[in-house]
Amino acid sequence: MAKQQAATGKTIVFFVTEDWYFCSHRLPLAIAARNAGYSVHVITRVQDHAAEIEAAGLTLHPISLSRRSKNPFTEIRIIWQLVQLYRELRPDVVHHVALKPVLYGSIAARLAGIPAVVNAMAGLGFLFISTNMMARLMRPVVKLLFRFLLNNRRTTVILQNPDDVELLCGSGTVDRERVRLIRGSGVDPDVYTQKAEPDGVPVVLLASRFLWDKGIGEFVSAAESLRTQGADARFVLVGDADAENPVSISSSQLETWKTEGNVEFWGRHDDMPKIFGKVHIVCLPSYREGVPKVLIEAASCGRPIVTTDAPGCREIVVDGHNGLLVPTKDATSLASALRRLLESPELRLEMGAAGRQLVKDRFSLEIVIRETLSVYRSILQ
């Protein structure tokens, strides 16, 4: 490793909100950057994954960042902490992931004189899709900040789907020449291997944080409808609550669903290949995504997908080829699509095989890492 670092002499800093998200979505990229000769540092809020990050040979810098905090003094203090860290570490490039790190990190990078900045938006999220009054008030402010912060000559913006590119570039918020399209964070097909369908009653899985914007309400409604119609199937939720997200589903609502019994709750699981091996269909009726990693994982494991014809979601599904697309917020259409797959094991197997090939061709971890390292090399030249 020391020999590789000496070959480049470059330092990269990742700034990500949560340590669990860094490990699930960016750790392989950071390891690849380290193997390519970069000295790699990680700034994030640390909860349960410090040992995993440090065991990978990365230098960890904890920061007390809250996604939900609106206290201006707290937020200014966070930005100043970043400025100090950036001045101390003197990275050649900083890689910010998600909205708050992009905004705060870009401000800090300007103040600290960082030469190269990569801003990765993993979907445009609550702020850009919600009709909530606060989101509607903040949206023009954030777009104005984007215009100021993201159009610097030494800045590259990574977006995950063409809809997000058009939303930001078509509105004049971000210059197209600043943008690179990299579809998702990738999965390793050698880890997410193709699984034979398990025996028994078909199982439909939705794996996600418990947010209304993930379409969990529509999933539960579709499950209730299908069970009422006598469908021979089980419907499963894997994941947990995200209290810091404005559209988090309340614990009382989750308890109500548990009592009604139309869906099963399996909790949060880190071994997702094992979970995919226990199910027959994977569903994510989300309202908008970057490119959802869980659907790439599901396709890699040979599972047919039912998802929405929404930005990000439709990137991983070719309708009728490796899954089915339905309108957003439409539980009736969702139930109909699920029924079609529940009633046809042959179609499930055909779509599952097609999905795995799609991952190998377009969404593999190898492709994402290669394209992202290319961004680093380009911006440093």
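Fair warning: this is a prediction, and the values are worked out from it, not measured in the lab.

**Student:** Let's hear about the packing of aromatic side chains: which residues, and what values?
**Tutor:** Aromatic rings in a pair are described by how distant their centres are and how their planes are angled relative to each other. Within this structure, the stated rule accounts for six aromatic pairs. Considering the side-chain rings of phenylalanine 14 and phenylalanine 22, the 5.9 Å spacing of their centres and the 65 degrees angle between planes classify their relative orientation as edge-to-face. A relative accessible area of 0% places phenylalanine 14 in the buried class. Under the relative-accessibility criterion, phenylalanine 22 is labelled buried at 0%. A centroid spacing of 5.9 Å and a plane angle of 80 degrees characterise the contact between tryptophan 20 and tyrosine 21, whose relative ring orientation is edge-to-face. The ring of tryptophan 20 is capped by arginine 268, whose NZ or CZ atom sits 5.4 Å from the centre of that ring.

**Student:** Explain unusual backbone geometry residue by residue, including any values.
**Tutor:** Within the chain, arginine 90 stands out as a residue other than glycine whose phi angle is a positive 50 degrees. As for its position among the elements, arginine 90 is in the loop between helix H4 (72–89) and strand S4 (93–97). Using a relative accessible area of 44% as the deciding quantity, one classes arginine 90 as partly exposed. One non-glycine residue, alanine 98, lies in the positive phi region at around 85 degrees. Residue position: alanine 98 is located in the loop between S4 and helix H5 (99–112). Taking relative accessible area as the criterion, alanine 98 reaches 25% and is therefore assigned partly exposed.

**Student:** Which residues make up the side chain of asparagine 151, and what values go with them?
**Tutor:** With respect to the element layout, asparagine 151 can be found in the loop between helix H7 (133–149) and strand S6 (155–159). There is a polar contact of 2.9 Å between the side chain of asparagine 151 and the backbone oxygen of arginine 147. Within polar-contact distance, the side chain of asparagine 151 engages the backbone nitrogen of aspartate 175 at 2.8 Å. With near-sequence residues (within four places) excluded, asparagine 151 lies in contact with Phe146, Thr173, Val174, Asp175 and Arg178.

**Student:** Give a description of empty space enclosed by the protein that names residues and reports values.
**Tutor:** For the structure shown, the criterion picks out two cavities of 30 Å³ or more. Quantified by volume, the largest cavity comes out at close to 70 Å³. In terms of lining residues, the largest cavity is bounded by Arg26, Leu29, Ala120, Met121, Ala122, Ile158, Gln160, Ile182, Gly184, Val368 and Thr372. Of the residues that constitute the lining of the largest cavity, the class distribution is seven nonpolar, three polar and one charged. There is about 30 Å³ of room inside the second largest cavity. If you go around the second largest cavity, the residues you meet are His25, Arg26, Leu29, Ser185, Leu365, Val368 and Ile369. When residues of the lining of the second largest cavity are traced back to their parent elements, those giving at least two are helix H2 (19–35) and helix H16 (365–380). Residues that form the lining of the second largest cavity fall into these classes: four nonpolar, two polar and one charged.

**Student:** Can you tell me about the environment of valine 102, naming the residues and giving the values?
**Tutor:** Mapping valine 102 onto the fold places it in helix H5. A residue is classified by how much of its surface remains accessible, and valine 102, at 0% relative accessible area, is buried. If we ignore the near neighbours within four places in the chain, the residues touching valine 102 are His96, Asn119, Ala120, Met121, Phe146 and Leu150.

**Student:** Just give me the short version of the sheet that holds strand S7 (residues 179–181), but keep the residues and values in it.
**Tutor:** Strand order in this open sheet of seven strands is S3-S2-S1-S4-S5-S6-S7, and the pairing throughout is parallel. With one partner strand each, in any of the chains shown, strand S3 (59–62) and S7 form the two edges of the open sheet. Adjacent strand axes in the sheet meet at a mean angle of 20 degrees, parallel and antiparallel pairs treated alike. Bridge count for strand S1 (residues 11–18) against strand S2 (residues 39–45) is six bridges, and the pairing is parallel.

Rules and cut-offs
Residues numbered from 1 in each chain as written. Predicted model: local features only at pLDDT ≥ 70, side-chain atom pairs only at ≥ 80, totals over all residues. Heavy atoms only, no water. Phe/Tyr/Trp six-rings, centres within 6.5 Å; stacked < 30°, edge-to-face > 60°. Buried < 20%, exposed > 50% of the residue type's maximum accessible area, 1.4 Å probe, protein only. Lys NZ or Arg CZ within 6 Å of the ring centre and 35° of its normal. Helix = DSSP H or I, 4+ residues; strand = E, 2+ residues; numbered from the N terminus. Polar contact = N/O pair within 3.5 Å; in protein donor to acceptor, adjacent residues only side chain to side chain. Contact = heavy atoms within 4.5 Å. 1 Å grid on protein atoms, 1.4 Å probe; cavity = no way out; pocket = protein on both sides within 12 Å on 5 of 7 lines; lining within 4 Å. Points joined across faces, edges and corners; volume = space filled by probe spheres on them. Nonpolar A, V, L, I, M, F, W, Y, C, P; charged D, E, K, R; others polar. Pairing = 2+ DSSP bridges. Axes fitted to C-alpha atoms, helices over the stretch in contact; angles between N-to-C directions.

None of the figures reported here should be taken as evidence of function without further support.
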